[in-house]
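# Observations on chain architecture
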Amino acid sequence: METAVKFNSPFILSVSKNPNPRITSASFLPKQFFGSGLSSASNSRGLSNLHLKRSIRSLVKCSISGATETLTEKKRQLMRRNDIRNIAIVAHVDHGKTTLVDAMLKQAKVFRDNQFVQERIMDSNDLERERGITILSKNTSISYKDMKINIIDTPGHSDFGGEVERILNMVEGVLLVVDSVEGPMPQTRFVLKKALEFGHAVVVVVNKIDRPSARPDYVVNSTFELFIELNATDEQCDFQVIYASGINGKAGLSPEKLADDLGPLFESILRCIPGPRIDRDGALQMLVTNIEYDEHKGRIAIGRLHAGVLQKGMDVKVCMSEDACRYARISELFVYEKFSRAPVESVEAGDICAVCGIDDIQIGETIADKDSGKPLPAIKIEEPTVKMSFSINTSPFVGREGKYVTSRNLRDRLYRELERNLAMKVEDGETSDTFVVSGRGTLHITILIENMRREGYEFMVGPPKVINKKVDDQLLEPFEIATVEVPEEHMGPIVELLGKRRGRMFDMQNVGSEGTTLLKYKIPTRGLLGLRNAILTASRGTAVLNTIFDGYGPWAGDISTRDQGSLVAFEDGTTTSYALSSSQERGKMFVGPGVEVYRGQIVGIHQRPGDLSLNVCKKKAATNVRSNKEQTVVLDTPLDYSLDDCIEYIQEDELVEVTPLSIRMCKNPKLTKKTGR
């Protein structure tokens, strides 16, 4: 499709006539359209003297990716459905996706005027609300000018990238939300790369434009550079830019002139993102991209209908490949309307729908026509990089708090997780009661652990380990790109810390007007284990760390992740103030007085390398010698470590005991290690 900019004169700019494939039509757009435009990006390409003085009379007619246009000869014969738009909202963590969706839902009149609506309504999971992040992708839809817009809110954290990869199968375009100060961050790069590979159209939303230190020129230029770096086509680089404030519900084509609502954003979605390509008269095909569970309806398969018409009560064929097919019947059919599922009798190709009645449906399977249907290509997900061992609880306190404590319970729950979480892998361990769980990162697996303990499971987990590869007799390990935002006064300790963990700095720049420096490192995944707490300590809680998987590289060498040992309980019993007063001189304690502990439990951090056994249950001897005054004991406040902190802290010979009410750390009894006294 040709992209044109219309001016008062008959002069037309077309990207198809561009003599230099590295320069895109976005570079030629005047400042009035992009706010401050792409001045530095175009200047760097020798276009600083090019000025277009004519004003734009009509808005840019957005391009559709060439990759989408030229996939196959058959695809060119497909028709476009113009009454639907399917979009995914993607961004780095905390760049304001879910808040922007809130504003879109409110302005599309999804809720009544007098209806109470909580903040971040798409984050419906308790864990999502507590942590302030999106973990699971969710579907909703709005209506704008008789057009149905299916919106999918996606996670922003790199550990949940598998959710984003799946969801991009269901849409034709993405809203790439970028913070007006931070600009493109590691996860921005990841999701944009995937969207460009699919050939999707992209609308860039510069969010939080109301921040005092907003720098829209830099953000747009950086985003354009990122498109070039990811080998985007000319049509993809000709992206529409919208400036928005999600929390205020305003958007505009210029950072200085925002409309009173999100109208410019909605108009850009209709204009820049194409309708779905469909084969209305073809054989039924629907790729299952997501699965939900309902107590009454059972498993609910969610996906976009690629061809044909799906009807309630219809007999279908469910296939993973041409050879593995089975037959089923659709009992109920739903589409997404506003903020809920609405039952329908039939769904036409191009719409996103939910299907009930197939109890054993899996993500990646195709619901096809009973007679002539063929499976669609399976969903490909990148491989996991970190693994952890799960085992039954073997501590003396086993069974006190948990409901599910046996290896059978643990095994069933872990393998059930694989049905929905495609980026995760579970394997049987060395013993019958041990399982190895692999994921995209420690947070990916930690969320599973937190969900399991809330469901009543009791178990133990070992320290995270990276998954290495061997290619041509050379040992390769995963590397990640780490970006650290840190105030200038704390930059020295952070640089020293990352250097010790085999990190190599490749970029450093000042961010905004607050005296913050942005450091970019390439670092082994091993070096990131336990790094978050160390960085917060070194920067007095002011640094922000973000990471994204980069690729595999040669083994970087040995890395020391912890300089201090652990304080280990000497015997079973209840802690006393008398014993803790002398124990706290040896390091920082995890427990206060009156807490039950067992032999081998980690009760504190030793101030020196090596472990130290302590008796934290010792009582003061009751003699017949009376003292003039009872000695006052002053105890330090014990450290309160969360589940994430404990998993970051433990070493090779240590375990985390997870129960519904408690999180404890202990030495692994199977790995006997000498402890100094």
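Residues numbered from 1 in each chain as written. Predicted model: local features only at pLDDT ≥ 70, side-chain atom pairs only at ≥ 80, totals over all residues. Heavy atoms only, no water.

Tracing the backbone through its elements, the reader meets T576 in the loop between β33 (573-574) and α17 (577-583). You can call T576 buried: its relative accessible area is 15%. Among residues more than four places away in sequence, those in contact with T576 are P593, V616, C617, K618 and K619. (Helix = DSSP H or I, 4+ residues; strand = E, 2+ residues; numbered from the N terminus. Buried < 20%, exposed > 50% of the residue type's maximum accessible area, 1.4 Å probe, protein only. Contact = heavy atoms within 4.5 Å.)

Below, the discussion takes up the sheet that holds strand β4 (residues 84-91). Reading across the sheet, the seven strands line up as β5-β6-β4-β7-β8-β9-β10 and stay open at both edges, with mixed pairing between neighbours. The strands lining the two open edges of the sheet, one partner per strand, are β5 (138-144) and β10 (250-252). Neighbour to neighbour, the strand axes of the sheet diverge by 30° on average, direction disregarded. Taken together, the five bridges between β4 and strand β7 (residues 173-179) define a ladder with parallel strand orientation. By the bridge assignment for β7, I89 is matched with L175. Sitting on the sheet, helix α8 (residues 186-198) is in contact with β4, β7 and β8 (201-207), with an inclination near 165° to β7. Running over the sheet, helix α9 (residues 216-229) touches β7, β8 and β9 (240-245) and is turned about 155° from β8. (Pairing = 2+ DSSP bridges. Axes fitted to C-alpha atoms, helices over the stretch in contact; angles between N-to-C directions.)

Before going further, it helps to examine helix α13 (residues 442-454). Spanning 13 residues, α13 covers 18 Å between terminal C-alpha atoms, matching the ideal 18 Å at 1.5 Å per step. Here α13 lies mainly inside the structure; ten of its 13 residues are buried. Looking at α13, one finds that the buried residues are L443, H444, I445, T446, I447, L448, I449, E450, M452 and R453. At the C-terminal side of α13, G456 shows a positive phi close to 100°. (Expected span 1.5 Å × (residues − 1).)

Across all of its chains, the model carries 28 salt bridges by this definition. Residues E477 and R526 are paired through a salt bridge, measuring 2.6 Å at the closest nitrogen-oxygen approach. Taken as a pair, E477 in strand β28 (residues 474-487) and R526 in helix α15 (residues 525-528) lie far apart in primary sequence, 49 residues in all. Relative accessible area serves as the criterion here: at 13%, R526 is assigned to the buried category. Connected through salt bridges with shared partners, the residues D611, D653, E654 and K667 form a single ionic network. (Salt bridge = Lys/Arg side-chain N within 4 Å of Asp/Glu carboxyl O.)

This next bit is on the pairing of strand β15 (residues 315-319). Most of β15 is tucked away: four of the five residues are buried. As paired elements, β15 and strand β16 (residues 325-329) share five bridges and run antiparallel to each other. The residue of β16 that forms the bridge with K317 is Y327. Between β15 and β16, which pair antiparallel in sequence order, lie five residues. Both β15 and strand β21 (residues 366-369) contribute to a ladder of four bridges, which runs antiparallel. In the sheet register, V316 faces β21, and the bridge partner there is D369.

Here K145, not a glycine, exhibits a phi torsion of approximately 55°, which is positive. Position of K145 relative to the elements: it lies in the loop between β5 and β6 (147-153). Unlike most non-glycine residues, N231 shows phi in positive territory, near 60°. Following the sequence through the fold, N231 ends up in the loop between α9 and α10 (234-237).

A separate point is the packing of helix α5 (residues 97-107) against helix α11 (residues 263-272). Any two packed helices are characterised by how steeply their axes cross, that is the angle between the axes, and by the distance between the axes. Direction vectors running N to C along α5 and α11 enclose 90°, while the axes themselves pass 11 Å from each other. Comparing their axes, α11 and α5 come out roughly perpendicular. For the pair α5 and α11, contact is made by L100, M104 and Q107 and by L265, F266 and I269, respectively. Its residues assigned to classes, the contact of α5 with α11 comprises five nonpolar, one polar and no charged. (Parallel < 35°, antiparallel > 145°, perpendicular 65-115°, else oblique. Nonpolar A, V, L, I, M, F, W, Y, C, P; charged D, E, K, R; others polar.)

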